[in-house]
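# Structural features, examined
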Amino acid sequence: MSTRRSQTTTAGRSSRRSSSSSTIKQPAAPLSPAASASSGARRRSGASTAKIPRKSSIISAPRIVQGEVEFPLGPVQQHLTCRLCKGYLRCALTISECLHSFCKSCLFCAYNGGVTKCPTCEVNLGPDPYSVTIYDRTLQELVDKVWPEMQEIEDLEERIYYENKGIKPKP
């Protein structure tokens with residue numbers, strides 16, 4: 001069974017940058033009076049009651065359409081983006097001390113600039129931050145499954161780069 005992005009995602013993007021326009025907006029489900037009472041809404045004298053939908057009622061579950069799985073990306077998108085460049089992870093690396101993940105190029109640029117702590121939580125990584133950084137194959141494979149066109153675009157850009165520089169590409 002293959003996976004397919006929901007129609008609410010940004011399909012066919014030419015850039016790997018995520019944007020605020022790609023967030024998924026789910027319609028709020030109307031609450032019944034029983035659900036409103038259980039959600040903690042209280043009556044005040046002379047004031048109307050506030051109906052606050054529970055977060056779990058907003059997120060829709062994956063579904064199978066024509067043999068493919070569709071799912072909303074909103075709940076997982078933040079885990080598949082680099083916190084330095086705000087784009088989707090490319091060659092994902094994870095810091096073993098705190099388990100934050102970044103693009104390889106983003107993290108190594110930070111390390112080369114003298115950073116010796118996690119860019120997100122600022123945990124100290126010691127004098128050699130490269131030693132606590134590991135390739136996260138599982139996370140990268142997940143990103144590649146959700147956005148397969150990103151790998152194709154990256155391969156094309158690499159091939160064009162090598163041609164422009166007159167460098168013979170690796171076999």
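Numbers given to residues run from 1 along each chain, matching the order in which its sequence is written. Where totals are concerned, whole chains, interfaces and linings use all residues; where local detail is concerned, this predicted model gives features only for residues with pLDDT of at least 70, and gives and counts side-chain atom pairs only at 80 or more. Excluded from the side-chain calculation are hydrogens and water; included are all heavy atoms of the structure.

Right, let's get into the pairing of strand E4 (residues 92-95). Note on exposure labels: buried denotes an accessible area under 20% of the residue type's maximum, exposed denotes more than 50%, and partly exposed covers the range between, all computed with a 1.4 Å probe on protein chains only. Counting from the N terminus, the helices are the DSSP runs of H or I reaching at least four residues and the strands are the DSSP runs of E reaching at least two. Of the two faces of E4, both are covered, the one formed by Ala 92 and Thr 94 as well as the one formed by Leu 93 and Ile 95. By the convention used here, strands pair only if DSSP detects at least 2 bridges between them. Of the pairings in the sheet, the one linking E4 to strand E5 (residues 101-103) comprises three bridges and is antiparallel in character. Bridge pairing in E5 places Leu 93 opposite Phe 102. Taking the residues between adjacent antiparallel strands as the criterion, E4 and E5 are bridged by five residues, where Leu 99 takes a positive phi near 65 degrees. As paired strands, E4 and strand E6 (residues 133-135) are joined by three bridges and run antiparallel to one another.

When strand E2 (residues 63-65) meets strand E3 (residues 68-71), the two strands line up antiparallel, connected through three bridges. Counterpart to Arg 63 in the pairing with E3 is Glu 70. Between E2 and E3, which follow one another and run antiparallel, lie two residues, and Gln 66 among them has a positive phi close to 50 degrees.

Another point: unusual backbone geometry. In this structure, Gln 66 is a non-glycine residue whose phi angle is positive, near 50 degrees. Topologically, Gln 66 is positioned in the loop between E2 and E3. Non-glycine residue Glu 122 carries a positive phi angle of around 60 degrees. Mapped onto the secondary structure, Glu 122 falls in the loop between helix H4 (104-112) and E6.

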